[in-house]
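So you can see what is in the structure, the chains are spelled out below.
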Amino acid sequence: MGQLMNTPSRGSGIIPQVGLPPELWSAIFEHLPLRTLHDVTLTCHSFRYLAQPLLFRSLTFCPYSLDANNQRFIHRLKTVERTKRRIQFCSSVRIAHAVRECKFYPRYIVGAVLNKEIPYNVLLDILLDTLPLFVNLQSLSFMFVDLSQSQILKLCALRSLGNLFLGNCTVEHVLSLSSPKLRLANLTIICDSKNMLGNGQNGHGLSVFSPDHIRSVSIINPVAASQLLNNFIANASQGLLQLRCLTLPCNLEVVRAFRPILHLIPELAELKFARPSQIQYNLPRDENFSLSTHLNPLKPLSKYQGPRQLLPHFVRPGALEHLNLWSTRPVSTDGSMSPFELHGALAGGNELVSVCDPEVLKTVQMLELSVTHVDALMLHAICIRFPILRSLYVFAARGFFPGAVTQAWDPEMIIDALLTLPLPSTIQHLRLSSYSAGSRTGTATEDRLARRKQDLRVKFPNLSSVSLDESDIDLTWDRSTVLLHC
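Residues numbered from 1 in each chain as written. Predicted model: local features only at pLDDT ≥ 70, side-chain atom pairs only at ≥ 80, totals over all residues. Heavy atoms only, no water.

**Student:** How do you make sense of the packing of aromatic side chains when you look at a structure like this?
**Tutor:** Given two aromatic rings, one states the distance between the centres and the angle between the planes to describe the pair. Within the structure shown, the criterion is met by 9 aromatic pairs. Residues tryptophan 25 and phenylalanine 47 carry aromatic rings whose centres are separated by 4.8 Å and whose planes lie at 55 degrees to one another, so their mutual orientation is tilted. Highlighted residues: tryptophan 25 in helix α1 (residues 22–29) and phenylalanine 47 in helix α3 (residues 45–51), separated in sequence by 22 residues. A residue is classified by how much of its surface remains accessible, and tryptophan 25, at 10% relative accessible area, is buried. Here phenylalanine 56 and phenylalanine 89 contribute two aromatic rings whose centre-to-centre distance is 5.3 Å and whose plane-to-plane angle is 70 degrees, an arrangement assigned as edge-to-face. Taken together, the positions of phenylalanine 56 in the loop between α3 and β1 (58–66) and phenylalanine 89 in helix α4 (residues 77–90) put the pair 33 residues apart, joining distant regions of the chain. On the basis of relative accessible area, phenylalanine 89 is assigned to the partly exposed category, the value being 38%. An aromatic cluster of at least three residues, connected via ring pairs, comprises Phe258, Phe273, Tyr304 and Phe314. (Phe/Tyr/Trp six-rings, centres within 6.5 Å; stacked < 30°, edge-to-face > 60°. Helix = DSSP H or I, 4+ residues; strand = E, 2+ residues; numbered from the N terminus. Buried < 20%, exposed > 50% of the residue type's maximum accessible area, 1.4 Å probe, protein only.)

Shown next as structure tokens:
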């Protein structure tokens, strides 16, 4: 193979006259984008042999369809045969070692007729039997499948896996597991609230995962999250010693079940509460929510994402670097805070709003906020509570429209304020965005903003980018700088 690299073959075109062994060429090809990699396979037979397997690093199988009621079916028999041949090719000795990711998804076919003669999961067993041949498999995803006990045992034959994604799946509980548990690093479970997960013997089979190896778990369905907390974490003899990142639904029962077992996750560094599409009235609010006092210490989290109401119950001072805040107060259905509420949480002065510990906030370097609008009160609170802030992202649900009643600022007023407000000297990235379209600025405003850019560079020498994408105002003076989306 090494000689072939330097020997032009008939019709191969120009061959690089570089005497590199195949292993080095393969290492180079690993870093090429897919389109370039495809071009490499057309260069010569030797490059094709080395590069073609890399075209199959990510496999997606969509053999079955969904109807309006989410019933799964395979439309045609030839789909089965075609998918079988594809699985057979990808599991060949030449290709299988390159596979890193595998997805098993449904697809919606317009005009497809429900066919009950072909079991939709006939190909699932074939794929599960093939997975051990993908010796370098790192990520596995399933959507709308029901994994039986026998299929779960086949999954455990992998022994270890980096990422497992289960979307609207049911996983049968395995009563007796003779083989070793699956050593899984990252687990994500997403489930439609209308989907019946079941409980007891029929719910998510979390028992097949080894608690000693899981580093990240993301479950946003309250039923599945309760099973994780009550049946998996609470029953782990030594806790989840490797778990560092946890995402849970912002559900009152889930939150109260989680706080007493926090000590079973000693290495937890990132805690995220998933924001629902609409804030429900049964979520915790300042006036009626409290957690009972626990002897278990709070965690020195480096990242917290969730409602401000839960921040004091889970985060202790000294380590927090990334903070993403929203609210469960019924001011808006999407969790956006009014500037008055945010100011009360950060600086005090609002008897209906609990104040965040200033010692927790002083170490934050990246701040993400969901607010109704932007005004002086909000920006002033940010300036006094985050002394080493580097990145600020603000989402304004109601846009950047000036208002006499709300005292809301428009983009020009915000930019003018940047020159007068005491923003931290460490600030590097600033982004304000909104889904609400605002009015276009004129040439005169653009000229004023252009002059402000030079002033901003003087006042904030570390600031590399400022973006107000709702108004399409580009305030990035260095065109080569990549805008950081916090």
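**Student:** Even after reading the chapter, I still don't get the side chain of lysine 303, so can you show me in this structure?
**Tutor:** Within the fold, lysine 303 resides in strand β12 (residues 303–307). Of the side chains with opposite charge, glutamate 270 lies nearest to the buried lysine 303, which makes no salt bridge, at 4.8 Å. Leaving out residues up to four positions away in the same chain, lysine 303 has contacts with Ala269, Glu270, Leu271, Lys272, Leu320 and His322. (Lys, Arg positive; Asp, Glu negative; His and termini not counted. Salt bridge = Lys/Arg side-chain N within 4 Å of Asp/Glu carboxyl O. Contact = heavy atoms within 4.5 Å.)

**Student:** Whenever I open this one, helix α8 (residues 222–233) confuses me. Can you help?
**Tutor:** Residue pairs spaced three or four apart in an α-helix point in one direction, given the helix's 3.6 residues per turn. All of the buried residues in α8 are Ala224, Ala225, Gln227, Leu228, Leu229, Phe232 and Ile233. Of the surrounding secondary structure, the elements contacted by the buried residues of α8 are β8 (183–190), β9 (216–219), β10 (245–249) and α9 (252–258). Structurally, the start of α8 carries an N-cap: the backbone nitrogen of valine 223 is 3.0 Å from a side-chain oxygen of asparagine 221. (Polar contact = N/O pair within 3.5 Å; in protein donor to acceptor, adjacent residues only side chain to side chain.)

**Student:** Honestly, the packing of α4 against helix α6 (residues 122–130) in this entry has me stumped. Any pointers?
**Tutor:** Between two packed helices, the angle of one axis relative to the other and the distance separating the axes together describe the packing. As a packed pair, α4 and α6 sit with axes 11 Å apart at the nearest point and diverge in direction by 5 degrees. With respect to α6, the axis of α4 lies roughly parallel. Side by side, α4 and α6 meet where Val80, Thr83, Lys84 and Ile87 of the first sit next to Val122, Leu123, Ile126, Leu127 and Thr130 of the second. (Axes fitted to C-alpha atoms, helices over the stretch in contact; angles between N-to-C directions. Parallel < 35°, antiparallel > 145°, perpendicular 65-115°, else oblique.)

**Student:** What should I look at first to understand helix α7 (residues 149–156) in this one?
**Tutor:** Inspection of α7 places Gln151, Ile152, Leu155 and Cys156 among the buried residues, and these make up the whole buried set. Down the axis, α7 shows its buried residues gathered within 150 degrees of arc, on one side only. Summarising the contacts, the buried residues of α7 are in contact with α6, β4 (139–143), β5 (146–147), β6 (160–167) and β7 (170–171). (Arc of directions from axis to C-beta.)

**Student:** Quick question: what am I supposed to make of the environment of lysine 272 here?
**Tutor:** Mapped onto the fold, lysine 272 is located in strand β11 (residues 270–274). A relative accessible area of 18% means that lysine 272 is categorised as buried. Separated by 32 residues in sequence, lysine 272 and tyrosine 304 have C-alpha atoms that sit 5.8 Å apart. Residues contacting lysine 272, with those up to four places away along its chain left out, are Cys245, Leu246, Thr247, Leu248, Lys303 and Gln305.

Everything listed is a geometric property; what it means functionally is a separate question.
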